[in-house]
Amino acid sequence: MSGGIAIAGAGGHAREVMFYAQRAGFRVRAFLDMEAGERLLGVPVMKESEQSFGRMVFGVGSGRIRRKIMERHPATQFVTFADPSAVVGEDVELGDGSVVCPNSVLTTGISIGRAALINMGVLVHHDVVAGDYLTCAPGCHLLGGVTLGDHVFMGSGSVAREGVKIASGVTIGAGAVVTRDISVVGTYAGVPARRIDG
């Protein structure tokens, strides 16, 4: 898995992704950000919109920003990788540009779209299907048979119960438990999760 990559982003999450990428055998050549800046952890920070790299990984927490970066760089190979401490089943499908962080477990029969962020300590159980640009914050649990649309954000420690469906664009707050289908876009919090905006 060796080779040079650029990391899209230059904030805290990008620095974490650098560590994971190095553990997975990649050589980080640059951070790409809105503006060029000082070196970060000994690596140059370059202006993302002016650079063309053959291979890039995401160090950005926002699914919407990940989508925009993919659209701006159609010829770039967006690398998918998992930290060596993550457990990823042999039949798990991860779309281009997805990152699985340390101590996460993705079991079997799982299909996740492009540019997903599976943060630290996330558990994804059997037969979960997720669209593009999924963000799972640390400690999130997706139980068996859950279906998620595009641009779903699952907050830290949140849980989606077995078989629930969550529509595209939904945000689930930290610690919330989704016990039934969510079809209306909005922000949901609490146990059980209820819409708190609009």
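Each remark here, short or long, concerns the structure printed above.
Quick notes on the rules
- Residues numbered from 1 in each chain as written.
- Predicted model: local features only at pLDDT ≥ 70, side-chain atom pairs only at ≥ 80, totals over all residues.
- Heavy atoms only, no water.
- Helix = DSSP H or I, 4+ residues; strand = E, 2+ residues; numbered from the N terminus.
- Rg over C-alpha atoms; globule rule 2.2 N^0.38 Å.
- Buried < 20%, exposed > 50% of the residue type's maximum accessible area, 1.4 Å probe, protein only.
- Contact = heavy atoms within 4.5 Å.
- Pairing = 2+ DSSP bridges.
- Arc of directions from axis to C-beta.
- Core = buried A, V, L, I, M, F, W, Y, C linked by side-chain atoms within 4.5 Å.
- Salt bridge = Lys/Arg side-chain N within 4 Å of Asp/Glu carboxyl O.
- Patch = residues over 30% accessible without salt bridge, like charges linked within 9 Å, V, L, I, M, F, W, Y side chains within 5 Å.
- Areas by Shrake-Rupley, 256 points an atom, 1.4 Å probe, with all protein chains shown as cover.
- Lys, Arg positive; Asp, Glu negative; His and termini not counted.
- Charge placed at Lys NZ, Arg CZ, Asp CG, Glu CD.

Q: So, the overall build of the protein: which residues are in play, and what are the values?
A: Looking only at helices and strands, the protein has two helices and 25 strands in total. Taken over C-alpha atoms, the radius of gyration comes to 16 Å for the protein, in line with the 16 Å a tight globule of 198 residues would show. Counting across all 198 residues of the protein, residues that qualify as buried make up 48%. For the protein, restricting intrachain contacts to residue pairs at least 6 apart in sequence, the fraction spanning at least 24 positions comes to 21%.

Q: Explain the sheet that holds strand β21 (residues 165-166) residue by residue, including any values.
A: Strand order in the open sheet made by the five strands is β9-β12-β15-β18-β21, with parallel pairing throughout. Only two strands of the sheet have a single partner each, and these edge strands are β9 (93-94) and β21. One ladder, built from two bridges, connects strand β12 (residues 111-112) with strand β15 (residues 129-130); its direction is parallel. Within β15, the residue paired with Ser-111 across the bridge is Val-129.

Q: An account of the side chain of Ser-104 is requested, with residue identities and associated values reported.
A: Within the element layout of this structure, Ser-104 appears in the loop between β10 (99-100) and β11 (105-106). Setting aside its immediate chain neighbours within four residues, Ser-104 contacts Ala-86, Val-87, Ile-118, Asn-119, Met-120, Gly-121 and Val-122.

Q: Lay out the sheet that holds strand β13 (residues 117-118) in plain terms, naming residues and giving numbers.
A: Taken in spatial order, the eight strands make up an open sheet running β7-β10-β13-β16-β19-β22-β24-β25, and their pairing is mixed. Every other strand in the sheet has two partners, leaving β7 (81-82) and β25 (194-195) as the edge strands with one partner each. Here strand β16 (residues 135-136) pairs with strand β19 (residues 153-154) via two bridges, running parallel. For Thr-135, the partnering residue across the bridge sits in β19 and is Phe-153.

Q: Give me the lowdown on the environment of Val-105, citing residues and values where you can.
A: In this structure, Val-105 sits in strand β11. C-alpha of Val-105 to C-alpha of Leu-123: the two residues are 18 residues apart in sequence and 4.9 Å apart in space. Residues within four places of Val-105 in sequence aside, it is in contact with Val-87, Val-122, Leu-123 and Val-124.

Q: Tell me about helix α2 (residues 63-72), residues and numbers included.
A: Considered for burial, the residues of α2 that qualify are Gly-63, Arg-66, Ile-69 and Met-70. Along the axis of α2, the buried positions cluster into a sector of 120°, meaning they face one direction only. As for α2, its buried residues are in contact with β1 (4-8), β5 (55-58), β6 (77-78), β13 and β16.

Q: How would you summarise the nonpolar core if you had to cite specific residues and measurements?
A: Grouped together as the largest cluster of nonpolar side chains are 30 residues, with contacts concentrated most on Ile-118, Leu-134, Leu-142, Leu-148, Met-154, Ile-166 and Ile-172. Of all hydrophobic cores here, the second largest spans 20 residues; its members include Ala-21, Phe-31, Val-45 and Val-99.

Q: Lay out the environment of His-141 with the relevant residues and their values.
A: Residue placement: His-141 occurs in strand β17 (residues 141-142). Sequence separation between His-141 and Ser-158 is 17 residues; the distance between their C-alpha atoms is 6.3 Å. What His-141 contacts, discounting residues up to four positions off in sequence, is Leu-123, Ser-158, Val-159 and Ala-160.

Q: Give me the pattern of salt bridges: which residues, what numbers.
A: Inspection of every chain in the model, using the stated rule, returns seven salt bridges. Across the pair Arg-23 and Asp-83 runs a salt bridge whose closest N-O atoms are separated by 2.7 Å. Here the residue Arg-23 occupies a position in helix α1 (residues 12-23), and Asp-83 occupies one in the loop between β7 and β8 (87-88), the gap between them amounting to 60 residues. Judged by relative accessible area, Arg-23 falls into the partly exposed class, the value being 40%. Classification of Asp-83 by relative accessible area gives buried; the value is 1%.

Q: If you had to explain a negative patch on the surface to someone new, which residues and values would you point to?
A: On the surface, a cluster of negative charge is made up of Glu-90, Asp-91, Glu-93 and Asp-127. Mapped onto the fold, Glu-90 is located in the loop between β8 and β9. Taking relative accessible area as the criterion, Glu-90 reaches 88% and is therefore assigned exposed.

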